[in-house]
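# Secondary and tertiary structure notes
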Amino acid sequence: MSFLKNIIKSASFLLIINFTSCTHENVVMSEYVDIINSNFSYLDTISFEVVIDDTVSNHNVFLQLRTSTNYKWANMFVFSDIDFPNGKIRTDTFQVFITDKTGHWMGNKSGLIVNFNHSLYSNIKFPVAGDYKFSFNQAMRDTVLKDVMSLGLKITKNSKEN
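Residues numbered from 1 in each chain as written. Predicted model: local features only at pLDDT ≥ 70, side-chain atom pairs only at ≥ 80, totals over all residues. Heavy atoms only, no water.

Backbone hydrogen bonds are what pair the strands of a sheet, in a parallel or an antiparallel way. One open sheet holds the four strands; their spatial order is E3-E9-E5-E6, and the pairing between them is antiparallel. Lying at the two open borders of the sheet, with one neighbouring strand each, are strand E3 (46–52) and strand E6 (89–97). Adjacent strand axes in the sheet meet at a mean angle of 20° when their direction is disregarded. Judged from the nine bridges that link them, strand E5 (residues 75–83) and E6 form a sheet pairing that is antiparallel. Within E6, the position partnered with isoleucine 82 by the bridge is arginine 90. (Pairing = 2+ DSSP bridges. Helix = DSSP H or I, 4+ residues; strand = E, 2+ residues; numbered from the N terminus. Axes fitted to C-alpha atoms, helices over the stretch in contact; angles between N-to-C directions.)

Following this line, the structure appears as structure tokens:
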């Protein structure tokens, strides 16, 4: 019985060390916008504004997507615009994979909700300090995507520079 107690104590100690040593990924911002009635129209523009002061560190930018398990497509195309503080605009198109080829969810599923964390840009440096605006529109053939609950943006600062 004391052997089992020692294992439990050791496991508890390791869990405490693990949780206290974890960082929050140096999150610069993480925000979601709920989609009205879970119907994401091609006319809907979801925007996020963030102030970036650090032009030296590398950052990662993620599109966060939350759908219900009733979402009928295996992917989602998204138009993206980044408005820079100096007036320049960067436009991109991204494909977010919702399921794999066998139909299994690519995101984290909990009950009837699936959360996706799609990397848009990795290890980038913001060239100018100031106010950035990230805007997203769905770019699918269906003009309204049902069962899209919310869309988010997450920016993290790399703790280790490459």
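Strand order across the open sheet formed by five strands is E1-E11-E4-E8-E7, with antiparallel pairing between neighbours. The outermost strands of the open sheet, each flanked by one partner alone, are strand E1 (27–34) and strand E7 (108–110). Averaged over neighbouring strand pairs, the angle between their axes works out to 15° when direction is ignored. Across nine bridges, the pairing between strand E4 (residues 59–68) and strand E8 (residues 113–124) is antiparallel. In the strand pairing of E8, valine 61 is matched with tyrosine 121.

Turning next to the pairing of E3. Side-chain alternation along E3 places Ile46, Phe48, Val50 and Ile52 on a buried face and Ser47, Glu49 and Val51 on a face that remains uncovered. As paired elements, E3 and strand E9 (residues 130–138) share seven bridges and run antiparallel to each other. What sits directly across from valine 50, in E9, is tyrosine 132. (Buried < 20%, exposed > 50% of the residue type's maximum accessible area, 1.4 Å probe, protein only.)

This paragraph deals with the pattern of salt bridges. Inspection of the entire model under this criterion finds three salt bridges. A salt bridge links aspartate 54 to lysine 157, with the nearest nitrogen and oxygen atoms 3.2 Å apart. Pair noted here: aspartate 54 is in the loop between E3 and E4 and lysine 157 is in strand E11 (residues 148–157), with a separation of 103 residues, a long-range link. Aspartate 54 gets classed as buried once you look at its relative accessible area, which sits at 18%. Taking the relative accessible area as the measure of exposure, lysine 157 reaches 29% and is therefore partly exposed. (Salt bridge = Lys/Arg side-chain N within 4 Å of Asp/Glu carboxyl O.)

All right, on to the confidence of the model for the protein chain then. Across the protein chain, the average pLDDT comes to 88, with 83% of residues at or above 70. Below pLDDT 50 for its whole length, residues 3–23 participates in zero contacts with residues either more than four positions away or in separate chains. (pLDDT = per-residue confidence, 0-100. Contact = heavy atoms within 4.5 Å.)

This part is about the packing of aromatic side chains. Taken as a whole, this structure holds four aromatic pairs when the rule is applied. The interplanar angle of 65° and the centroid separation of 5.0 Å between the aromatic rings of phenylalanine 126 and tyrosine 132 together place this pair among those described as edge-to-face. Judged on exposure class, the residue phenylalanine 126 and its partner tyrosine 132 are both buried. Taking the ring centre of tyrosine 32 as reference, the NZ or CZ of arginine 66 above it sits at 4.0 Å. (Phe/Tyr/Trp six-rings, centres within 6.5 Å; stacked < 30°, edge-to-face > 60°. Lys NZ or Arg CZ within 6 Å of the ring centre and 35° of its normal.)

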